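# Descriptive analysis of the structure
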Amino acid sequence: MAELVEEAHAVPGVVSVLSAILARVAESNDAAGRPVSPRHLASAFRGLARPAISVRGYLERIFRYAGCSPACYVVAYIYLDRFARRHSAVSFDSLNVHRFLITSVLTAVKFMDDICYNNAYFAKVGGISLMEMNHLEIDFLFSIGFELNVTPATFSSYCSILRRELYLQSPPPPPPSTNLHCCLTEDESSSRQQKQGTVQLIFFGT
């Protein structure tokens, strides 16, 4: 999808649209004021104060310094969706969305990319300590039941969701090509299908 991945030095559309979705969800849940039980695993993601950096600014920072492929942001979105479906009592808000973002991207990078930075580096990018980064990663994995596999069909479906959201934000002119750059190529799909199982398509409301 040409709209989701532009020039290499520019912020990809997938980053912009994902940050817009999560910012909207966080603002809505802030207004609703749904507290998280201190005994819930998600309580580890909750900060004491709202970060000064916006959701978009934070995700763009991750993009600039983490060096992960655009596909990782789609997979991170899938993981956040899985978390939301498993823990409907927990909402993404301004006090936890940043930690959920850095953790979901870290998890996606480790699963999708052959080469990636370690937890210490991601902790610096995310503005948290290494100890906290490690704990958040473990809590997140348990919270989604270690359900990391993503089939090409599921991946493509979420690409379509993000593309549709991008069109709603700013309807572009007809693209010259239908190549979906954010999606897996045939070679990538073939190699990754060997390690990926069938998963249930899930989607948390935007």
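Predicted, not measured: the structure shown is a model, and the values here were computed from it.

## Focus: the environment of S16
Along the chain, S16 turns up in helix α1 (residues 13–32). For S16, a relative accessible area of 15% translates into the label buried. Counting along the chain gives 150 residues from S16 to L166, while the straight-line C-alpha distance between them is 8.5 Å. Those residues in contact with S16, other than ones at most four positions away along the chain, are V11 and R56.

## Quick notes on the pattern of salt bridges
Opposite charge on two side chains permits pairing when their charged atoms draw close. A complete count under the given rule lists 8 salt bridges for this structure. The partner of E137 in a salt bridge is K110, with the nearest N and O atoms 2.8 Å apart. Taken together, the positions of E137 in helix α6 (residues 130–143) and K110 in helix α4 (residues 97–112) put the pair 27 residues apart, joining distant regions of the chain. Of the residues examined, E137 reaches a relative accessible area of 13% and is grouped as buried. One salt-bridge network, in which partners are shared between bridges, spans R56, E60 and R64.

## Looking at the packing of aromatic side chains
One pass over the full model with this rule turns up 9 aromatic pairs. Each ring, one from F142 and one from F146, has its centre 4.9 Å from the other, and the planes form 80°; the classification is edge-to-face. By relative accessible area, F146 is classed as partly exposed at 46%. These aromatic residues form a ring-pair network of at least three members: F45, F83, F92, F100 and F140.

## With respect to the packing of helix α3 (residues 71–86) against α4
Running from N to C, α3 and α4 cross one another at 120°; their axes reach a closest spacing of 8 Å. Considered as vectors, α3 and α4 are oriented oblique to each other. Crossing of α3 over α4 shows right-handed handedness. The residues of α4 that touch α3, namely those facing A71, C72, Y73, V75, A76, Y79, L80 and F83, are F100, S104, V105, T107, A108, V109, F111 and M112.

## Some remarks on α1
For α1, built from 20 residues, the straight-helix expectation of 28 Å at 1.5 Å per residue is met to within 8% by its first-to-last C-alpha distance of 29 Å. Those residues of α1 that sit buried are G13, V14, V15, S16, V17, L18, S19, I21, L22, V25, A26 and N29. The secondary structure elements touched by the buried residues of α1 are α2 (55–66), α3, α4 and α7 (152–169). With its phi angle positive at about 65°, G33 sits one or two positions after the end of α1.

## Topic: a nonpolar patch on the surface
Judged by side-chain polarity, I138, F142 and F146 come together as a nonpolar surface patch covering roughly 330 Å² of accessible area. The topology assignment puts F142 in helix α6.

## Some thoughts on the side chain of E165
Within the element layout of this structure, E165 appears in helix α7. A polar side-chain atom of E165 sits 3.0 Å from a polar atom in the side chain of R24.

## Quick notes on the side chain of T154
If you trace the backbone, T154 turns up in helix α7. Using a relative accessible area of 6% as the deciding quantity, one classes T154 as buried. Only 3.0 Å separates the side chain of T154 from the side chain of T151, close enough to count as a polar contact.

## A look at the confidence of the model for the protein chain
Averaged over all residues, the pLDDT of the protein chain equals 80, while 73% of them reach at least 70. In the model, residues 1–8 has pLDDT below 50 throughout and makes 29 contacts with residues more than four positions away in sequence or in other chains. Here residues 183–206 is a poorly scored stretch, pLDDT under 50, and it has 53 contacts once near neighbours within four places are set aside; other chains count.

## Things to note about the nonpolar core
By size, the foremost hydrophobic cluster in this structure holds 57 residues, and its most contacted members are I62, Y73, Y79 and V105. At the level of secondary structure, the elements contributing two or more residues to this core comprise α1, α2, α3, α4, α5 (119–126), α6 and α7. The element contributing the most residues to this core is α3, with 12 residues. Setting aside anything within four residues of it in sequence, one finds Y79 in contact with S104, T107, A108, F111, F140, I144, E147, L148 and V150.

The rules behind the values
Residues numbered from 1 in each chain as written. Predicted model: local features only at pLDDT ≥ 70, side-chain atom pairs only at ≥ 80, totals over all residues. Heavy atoms only, no water. Helix = DSSP H or I, 4+ residues; strand = E, 2+ residues; numbered from the N terminus. Buried < 20%, exposed > 50% of the residue type's maximum accessible area, 1.4 Å probe, protein only. Contact = heavy atoms within 4.5 Å. Salt bridge = Lys/Arg side-chain N within 4 Å of Asp/Glu carboxyl O. Phe/Tyr/Trp six-rings, centres within 6.5 Å; stacked < 30°, edge-to-face > 60°. Axes fitted to C-alpha atoms, helices over the stretch in contact; angles between N-to-C directions. Parallel < 35°, antiparallel > 145°, perpendicular 65-115°, else oblique. Left-handed = near helix turned anticlockwise from the far one by under 90°. Expected span 1.5 Å × (residues − 1). Patch = residues over 30% accessible without salt bridge, like charges linked within 9 Å, V, L, I, M, F, W, Y side chains within 5 Å. Areas by Shrake-Rupley, 256 points an atom, 1.4 Å probe, with all protein chains shown as cover. Polar contact = N/O pair within 3.5 Å; in protein donor to acceptor, adjacent residues only side chain to side chain. pLDDT = per-residue confidence, 0-100. Core = buried A, V, L, I, M, F, W, Y, C linked by side-chain atoms within 4.5 Å.

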